[in-house]
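Listed below, chain by chain, are the residues.
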Amino acid sequence: MEFALNHITSPQLSLDAFFALARKLGMARVEIRNDLPDIVGQMAPRDVKIAATAADVEIAAINALYPFNDWSGDLPERALKLADYAAEAGAKALVMCPRNDGTTISRSALVDALGHLRPILAERGLTGLVEPLGFPVSSLQSKALAVAAIEEAGGVGVFQLVHDTFHHHLAGEAEFFADATGLVHISGVTDPALAVVDMLDDHRVLVDAADRLENIPQIRALIAAGYAGPFSFEPFAPEVQALDDPETALRASMNFITTATAD
């Protein structure tokens, strides 16, 4: 299996240091962000591309366009700007997250937003990676709904799913859509006293034997169904982000996952 690295893992690292960490771990694909850290706001896209080329890494995605499913306000302008940035930086895709504040977004609004985004992405050779979020306040929890909306918007071939093991568990969605999946985010939750409904991003750590999210069964199911893309580490827990030696911790998690999925 192929591992990738999201910059949220070690947001304190400069872009060059982050790319170097990925290469030390044998990873050829990375995700950069526009929040933590805000690489998009801090660096010109041409400089990002130069750094990626020098490090011999591919920018699998920029994370993220939010809230992609609410096509109003300044979202159209921001979508164009971020797509231009991604194309110039050499990124292959944009991760797209739904509104996550308790606001209800209708299916028709979701389809409409995808319809507007489709030509923006297609004209720039980008893939839109739709990431349903499993939080109770999320306006799009279901991958099944996302797949149906993509088809309705005529977006097959332009849009794919992000399967996030954390959000898949929170949403309680049993179905896998390996053929429609372009990226997998992996992280674990190990706190034994935490109710699923109370799990938040800050609880997301590296995957180990104490994981409660069933990462290993999820990964096995995706691979068995034909998924052959990267599994990208995306832990949000402050204690992971503050690690003095993220390389050792990540390597241990990689070794655990590789061994456990092979059993």
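Source: prediction; values computed, not measured. (Residues numbered from 1 in each chain as written. Predicted model: local features only at pLDDT ≥ 70, side-chain atom pairs only at ≥ 80, totals over all residues. Heavy atoms only, no water.)

> It is not clear to me how the nonpolar core should be interpreted in this structure. Could you clarify?
A general trend in soluble globular proteins is that nonpolar side chains are found buried together. In terms of nonpolar packing, the biggest core is built from 70 residues, with Phe19, Leu114 and Phe233 touching the most fellow members. Counting 16 residues, the second largest nonpolar core, distinct from the first, contains Val95, Cys97, Leu170 and Leu183. (Core = buried A, V, L, I, M, F, W, Y, C linked by side-chain atoms within 4.5 Å. Buried < 20%, exposed > 50% of the residue type's maximum accessible area, 1.4 Å probe, protein only.)

> Quick question: what am I supposed to make of the pattern of salt bridges here?
Where charged atoms of side chains with opposite charge meet at close range, the side chains can pair. Counting across every chain of the model gives 16 salt bridges. With its nearest N and O atoms 3.2 Å apart, the salt bridge here joins Glu234 to Arg33. Residue Glu234 is found in the loop between β8 (230–233) and α9 (238–241), and its partner Arg33 is found in strand β2 (residues 29–33); the two are separated by 201 residues along the sequence. According to the relative accessible area criterion, Glu234 is buried, its value standing at 2%. Residue class for Arg33 comes out buried when judged on its relative accessible area of 3%. (Salt bridge = Lys/Arg side-chain N within 4 Å of Asp/Glu carboxyl O. Helix = DSSP H or I, 4+ residues; strand = E, 2+ residues; numbered from the N terminus.)

> Help me understand the pairing of strand β4 (residues 93–96) in this model?
A regular strand carries its side chains on alternate faces of the sheet. Residues Ala93 and Val95 line one face of β4 and the alternating positions Leu94 and Met96 line the opposite face, and both faces are buried. Note that strand β3 (residues 58–65) and β4 share 3 bridges and pair parallel. Pairing of Ile62 across the sheet is with Leu94, part of β4. Where β4 lies against strand β5 (residues 127–130), 4 bridges are found, and the strand directions are parallel. Following the sheet pairing, Ala93 is matched in β5 by Thr127. Remark: the β4/helix α5 (residues 107–122)/β5 crossover connection has right-handed handedness. (Pairing = 2+ DSSP bridges. Right-handed = clockwise from strand over helix to strand, strands pointing away.)

> Sorry if this is basic, but what is going on with the environment of Ile62 here?
In this fold, Ile62 is placed in strand β3. Looking at Ile62, the relative accessible area reads 0%, which means it is buried. Distance in space between the C-alpha atoms of Ile62 and Phe159 is 14 Å, their sequence separation being 97 residues. Excluding its chain neighbours within four sequence positions, the residues that come into contact with Ile62 are Ile32, Val40, Leu82, Tyr85, Ala86, Ala91, Ala93, Leu94 and Val95. (Contact = heavy atoms within 4.5 Å.)

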